[in-house]
Amino acid sequence: MNRTTLLYSAFIIFFCLVLIIYRYALKKLKRYAQRSEAGIDDFLIKLLRFPAIWLIFWICLKLFNHIFRSDIPEFEFIITINNILLILSVGWIVIQFIRLLFHYLEKRLDIDN
């Protein structure tokens, strides 16, 4: 095996490991949200599920960037993906927090659509 294959394999294994931990934590949060009386918990978990996966992938790319820098010819492509994921993640989280704010205000002010 060459070094590039090992780097790709390490990245995929690390990403899968972090994703398994994320799913375990998500299950725990869902159980907690089901026991709580506030409906905002369920709504928040639902809204932030996909951006969390994007952020996990972005963090994994950031951690492996310094390793990939000199060994992989596709490094510029990886950096581009990394930047796009960051922009999408931040934008998605801002949109979801705005939706969460509207949901909260709708419930608090008792507004029906």
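Note: the structure precedes this text.
Residues numbered from 1 in each chain as written. Predicted model: local features only at pLDDT ≥ 70, side-chain atom pairs only at ≥ 80, totals over all residues. Heavy atoms only, no water.

**Student:** Tell me about helix H1 (residues 3-35), residues and numbers included.
**Tutor:** The end-to-end C-alpha separation of H1 is 48 Å, in line with the 48 Å expected for 33 residues at 1.5 Å each. When we look at burial in H1, the residues that qualify are Leu7, Phe11, Phe15, Leu19, Tyr22, Leu26 and Ala33. (Helix = DSSP H or I, 4+ residues; strand = E, 2+ residues; numbered from the N terminus. Expected span 1.5 Å × (residues − 1). Buried < 20%, exposed > 50% of the residue type's maximum accessible area, 1.4 Å probe, protein only.)

**Student:** Give me the lowdown on the nonpolar core, citing residues and values where you can.
**Tutor:** Phe11, Phe15, Tyr22, Ile56, Cys60 and Leu61 are the most contacted members of the largest nonpolar core, which totals 14 residues. Looking at this core, the elements with two or more residues in it are H1, helix H3 (49-71) and helix H4 (75-109). A total of 6 residues in this core trace back to one element, the largest contributor, which is H1. (Core = buried A, V, L, I, M, F, W, Y, C linked by side-chain atoms within 4.5 Å.)

**Student:** Lay out the environment of Ile78 with the relevant residues and their values.
**Tutor:** Mapping Ile78 onto the fold places it in helix H4. When the C-alpha atoms of Ile78 and Lys62 are compared, they prove to be 9.8 Å apart, with 16 residues separating the residues in sequence.

**Student:** Hey, could you go over H4 for me, with residue numbers and the actual values?
**Tutor:** With 35 residues, H4 extends 51 Å from end C-alpha to end C-alpha; this agrees with the ideal 51 Å at 1.5 Å per step. Listing the buried residues of H4 in full gives Phe75, Ile78, Asn82, Leu85, Ser89, Gln96, Leu100 and His103.

**Student:** How would you sum up a nonpolar patch on the surface? Please name residues and give values.
**Tutor:** A contiguous nonpolar surface patch, about 430 Å² in accessible area, is contributed by Leu86, Val90, Val94, Ile98 and Phe102. Here Phe102 is to be found in helix H4. Looking at Phe102, the relative accessible area reads 54%, which means it is exposed. (Patch = residues over 30% accessible without salt bridge, like charges linked within 9 Å, V, L, I, M, F, W, Y side chains within 5 Å. Areas by Shrake-Rupley, 256 points an atom, 1.4 Å probe, with all protein chains shown as cover. Salt bridge = Lys/Arg side-chain N within 4 Å of Asp/Glu carboxyl O.)

**Student:** Before we move on, can you summarise the environment of Cys60 with the specific residues and values?
**Tutor:** You can see Cys60 is positioned in helix H3. By relative accessible area, Cys60 is classed as buried at 1%. Along the primary structure Cys60 and Phe14 are separated by 46 residues, whereas in three dimensions their C-alpha atoms are 7.5 Å apart.

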